[in-house]
Amino acid sequence: MIAEAGHYALVLGLGLALIQSTVPLLGARWRDVALMNVARSTAIAQLIFVAASFAALVTLHVSSDFSVVNVFENSHSMKPLIYKITGVWGNHEGSMLLWVSILALFGGLVAIFGNNLPLSLRAHVLAVQAWVASAFYLFILITSNPFLRIANPPIEGRDLNPVLQDIGLAVHPPMLYLGYVGFSISFSFAIAALIEGRIDAAWARWVRPWTLMAWIFLTLGIAMGSYWAYYELGWGGWWFWDPVENASLMPWLAGTALLHSLVVMEKRNALKVWTILLSILTFSLSLLGTFLVRSGVLTSVHAFATDPTRGVFILLILCVFIGGSLSLYAWRASALKQGGLFAPISREGALVLNNLFLTSACATVFVGTLYPLALEVITGDKISVGAPFFNLTFGPLFLPLMIAVPFGPLLAWKRGDLLGAAQRLTGAGVAALVAVAVLWAWTRGGSAFAPLAIGLAVFVIAGALSDLAERIGLFRVPLGTAVWRARGMPRSSWGTVFAHAGLGVALIGIVCETTWNSEYIGSMKISDVASIAGYELRLDDVKQRQGPNYREMIAQFSARLDGRLLDTMTPSKRTFTTRGATTTEAALLTHGASQLYISLGDTAGDGAIAVRIYHKPFVLLIWFGPVLMAFGGMLSLSDRRLRVGAPKPAKSLRGLQAAE
Amino acid sequence: MKRILSCVFAIAVLAGSPARAVQPDEIMSDPAKELRARDLSRELRCMVCQNQSIDDSEAPLARDLRLLVRERIAAGDSDAQVLDFLVARYGEFVLLKPRLNPHTWLLWLLPPLALAGGGLALWSHGRRRSRSSSVAEAAATLTPDEEARLTALMSGDVSPEKPA
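These figures come from a predicted structure and were not determined experimentally. Positions within a chain are numbered from 1, following the residues in the order the chain's sequence is written. Key to labels: chains lettered from A, ligands numbered from 1, both in the order written. Totals for whole chains, interfaces and linings use all residues, but because this is a predicted model, local features are given only for residues with pLDDT of at least 70 and pairs of side-chain atoms are given and counted only at 80 or more.

**Regarding the overall build of chain A**
Elements are defined by DSSP. Helices are runs of H or I of four residues or more, strands are runs of E of two residues or more, and each kind is numbered from the N terminus. Along chain A, the regular secondary structure elements total 21 helices and ten strands. Two things to know: the radius of gyration comes from C-alpha atoms, and the globule rule equals 2.2 Å times the number of residues to the power 0.38. Over its C-alpha atoms chain A spans a radius of gyration of 27 Å, differing by no more than 12% from the 26 Å that the globule rule assigns to 660 residues. If one aligns the C-alpha atoms of chain A with their principal axes, the spans along those axes are about 85 × 75 × 55 Å. With C-beta atoms placed from the backbone, a contact is any residue pair whose C-beta atoms sit within 7 Å. Long-range contacts, defined as pairs at least 24 residues apart, comprise 74% of the intrachain contacts of chain A with a sequence gap of at least 6.

Take a look at the structure:
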């Protein structure tokens, strides 16, 4: 009954989306306010029905209704409640339902909070949202229905993939999808602007908060996923340049570029045509990511060819939306008027440079991810493109960008003074040089790369702080005045400081972890001691334990630093009975920003356990950086200017709306 | 990260092979050679896995390849010789960093070309804009009438707007 209700709610959602994708457009054409307002009610109703559908699937999973295929294949009655809930999106059908739920959520939010939008713009935006939604409802209903029943219900389910039975699954996919799908809003705004043939600074002001929100979620989602992989997969890696990861990195790079170009558009009314293109590209990359992950094309081109229904359907959606939007762009972009002139050395110029490097980096990830697929389809040759390729190509594009980061905020709009900016960055430059020199002396002529890269990171962080000091006039005015100015500084400027500093912090973590990571691989018996990076780890005990749906071997280590006991660490290995699979639960010991990491391997016949121990210096900074960036984003989002919304143009249609 | 989701597909490979990446018994006695083996392992793909290097992978095939790499190093091969040996045996697919050849020109050249092409486009666009801007600026100067109104506004004849 619940399954049928959920299925039916989804069908109704499709019906509403179809109405929403057509009626408001006619309304905008005929200037009919009632028809345009249909978009608002259908978007809200759609949200309600899709939420009901999603709630139905959650209920089925929680109540372990194994007469539903999706529950049977991905759940187990003994599974802890949290994993019964997160298991909803730990599979193809459920994750697609989460995808459309979030799409409906964003549509609903625009409908609810979009009161200050011009009526026709809102109608267009919501109609475009509904096109995307309709396509994905159809995809779910035709190829990936999560509500299918089994004729003879089994008593027990097949359990969720053990790797996914982790708190990471509760946070990572929803965050990532909030990011991915959030970019649909900027896409819809871009298409609406192209249809209307009108775009101005106010447009950028409306789009920016939505883009920023999506970007924050995507940043946190990627960072969260990286940390999850780090502790769950058992070999301490945190970024693998896997196509699935690249699929999320590409929209992030394009979205970051978009955020910056939106600033130019909002402040200076320039880069309009480019911003529109970037909005389209960012969401296209999100769609591409969905295609890569959901079609199975990554596993192998042949697997994709043998069961192509899903893949071909998403590919079709991809072609229609990307092809359609780019055609519309080619046709209409010339109608948009260019504005806002600027000299090459200016804030605008710096942001253009940012866009150039970010899009080039994005293109690099794009070609590296898709080239092997394309080559195999065209010539049948198989090649691999992995981490060594990306490290070699992506790094040289990203590092110069970081040199430019501190200069951007210090340049004036329209015509900047590079020399003046450089002078104001003297302090940051000196800090960077000191860092390089100290590290150089400390490593005593090791690789030159690490001190230089950390120097760069210090430059970025100190540059962000110089920007802050410059704005509040620190050391130039009395401290009280500076504090007063700091409190009065727009939150979006604070946001820039934090986000840019976060970039530097992440780089420090990345460089330290990759350069000074130490590793111990060995067989240990009880009371054996392993030494690594000054720490001593003694294997005290090995125990067996029965979990709710797994058996577990737990090893207990005591970690000592200079003879002083720090803590005990308990890595374990779980064997899941239903799937017969094992997972490693690494033990982490945080000491400052560094971590000790233990993961267990096989047990030999004589009782010795293969153990891998890592010391990862400053590894936590890798994720603290993105958290700082996201925090900067949130500060910027809470800026009064953005929260209040754009000034309302005195359009005749506005008069017909109810007063707020 | 999202690779975890892709484990849904890879689980068939992972299941039943609880061995983890480099095993204690694989390690070479000479630390310098072991370091070379590890560096090479990171460049080599475990061919039955999804985009994992043999250094990371726990599949039995990866173990075989790791042992093979160490065997070649022990036999006195240079790094390039080890790679050549593996490519001769398993094809280019085994390399995570593809070699530059006509098949991969586009792959290797696109990143620098994207940057150079983008820069060039910006430069030519900027030149065109600045040439046309002098005309636009002339058109954008104020008429005497507007000048007068502006002066009136600036001198404060009109009461300023209340701050929001």
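Back to the text.
**Here we look at the interface of chain B and chain A**
Taken together, the contact between chain B and chain A spans 47 residues of the former and 58 residues of the latter. Elements with a minimum of two residues in the side of chain B that touches chain A: α1 (3–14) and α5 (105–140) of chain B. Ranked by residues supplied to the side of chain B that touches chain A, first place goes to α5 of chain B with eleven residues.

**Overview of the sheet that holds strand β1 (residues 518–524) of chain A**
Working definition: the strands of a sheet are paired by backbone hydrogen bonds and lie parallel or antiparallel to each other. Residue and element names in this part refer to chain A. Taken in spatial order, the four strands line up as β1-β10-β9-β8 in an open sheet, and their pairing is antiparallel. In the strand order of this sheet, the two ends are held by β1 and β8 (587–591), each with one partner. Adjacent strand axes in the sheet meet at a mean angle of 15° when their direction is disregarded. Bridge count between β1 and strand β10 (residues 609–616): seven bridges; the pairing is antiparallel. Across the sheet, residue G522 finds its bridge partner in β10, namely V611. Here, strands pair whenever DSSP counts at least two bridges between them. Under this scheme, a helix contributes an axis fitted over its contacting stretch, all axes are lines through C-alpha atoms, and angles between N-to-C directions fall in the 0 to 180 degree range.

**Looking at the pairing of strand β2 (residues 529–532) of chain A**
Residues and elements named next belong to chain A. Bridging between β2 and strand β3 (residues 535–546) involves four bridges; their strand directions are antiparallel. What sits directly across from I532, in β3, is Y535. Count of turn residues in the β2/β3 antiparallel hairpin: two residues, of which A533 carries a positive phi of about 50°.

**Concerning the packing of helix α13 (residues 347–379) of chain A against helix α14 (residues 387–404) of chain A**
Residues and elements named next belong to chain A. The N-to-C vectors of α13 and α14 enclose an angle of 170°; their axes lie 10 Å apart at closest approach. When the interaxial angle is binned, α13 and α14 end up roughly antiparallel. Seen from α13, the contacting residues are A350, L353, N354, F357, L358, S360, A361, T364, V365 and G368; seen from α14, they are F389, F390, T393, F394, L397, F398, P400, L401 and A404. Here the contact of α13 with α14 is composed, by residue class, of 14 nonpolar, five polar and no charged. Between 65 and 115 degrees an angle is taken as roughly perpendicular, under 35 as roughly parallel, over 145 as roughly antiparallel, and anywhere else as oblique. By the convention adopted, Pro, Cys, Tyr, Trp, Phe, Met, Ile, Leu, Val and Ala count as nonpolar, Lys, Arg, Asp and Glu as charged, and the other residues, Gly among them, as polar.

**So, the nonpolar core**
Residues and elements named next belong to chain A. Membership of the largest hydrophobic core comes to 216 residues, with the highest contact counts inside it found for V100, L103, F136 and L253. When residues of this core are assigned to their parent elements, the largest contribution, 20 residues, is made by helix α8 (residues 201–232). Beyond its immediate chain neighbours, meaning those up to four positions away, L253 contacts L358, A361, C362 and V365. If you look at the next biggest cluster of nonpolar residues, it comprises 19 residues, including Y535, L539, F557 and Y614. Put simply, a nonpolar core is buried Ala, Val, Leu, Ile, Met, Phe, Trp, Tyr and Cys residues tied into one set by C-beta atoms within 7 Å. For the exposure call, what matters is how many other C-beta atoms sit within 10 Å of a residue's own: 20 or more marks it buried, 12 or fewer exposed, and in between partly exposed, using C-beta atoms placed from the backbone.

**Some points on the domain arrangement of chain A**
Domain start and stop positions are those given by an automatic or database domain assignment. Each domain of chain A was delimited in the assignment, giving domain 1 (1–159), domain 2 (166–413), domain 3 (425–516 + 621–629) and domain 4 (518–616). For domain 2 of chain A versus domain 4 of chain A, the distance between C-alpha centres works out to 39 Å.

**Remarks on the packing of helix α7 (residues 167–196) of chain A against α8 of chain A**
Helix-helix packing: each pair is described by the crossing angle between the helix axes and the interaxial distance. Residue and element names in this part refer to chain A. As a packed pair, α7 and α8 sit with axes 7 Å apart at the nearest point and diverge in direction by 155°. Considering their axes alone, α7 and α8 lie roughly antiparallel with respect to each other. Along this stretch, α7 crosses α8, giving a crossing that reads as left-handed. A class-by-class count of the residues in the contact of α7 with α8 yields 21 nonpolar, eight polar and one charged. Crossing handedness is defined as follows: a turn of the near helix away from the far one that is anticlockwise and smaller than a right angle gives a left-handed crossing, while the clockwise case is right-handed.

**Some points on the confidence of the model for chain B**
Residues and elements named next belong to chain B. pLDDT measures the predictor's confidence residue by residue and takes values from 0 up to 100. Per-residue pLDDT for chain B averages 76, and the proportion of residues at 70 or more is 74%. Mean pLDDT values for the elements of chain B range from 37 in α1 up to 91 in helix α4 (residues 79–90). Within the model, pLDDT remains below 50 along residues 1–19, and this stretch shows 52 contacts once partners closer than five positions in the same chain are excluded. This model gives residues 158–164 a pLDDT under 50, and the stretch forms one contact once residues within four places in sequence are excluded. If you check the scores for this complex, the pTM reads 0.89 and the ipTM reads 0.82.

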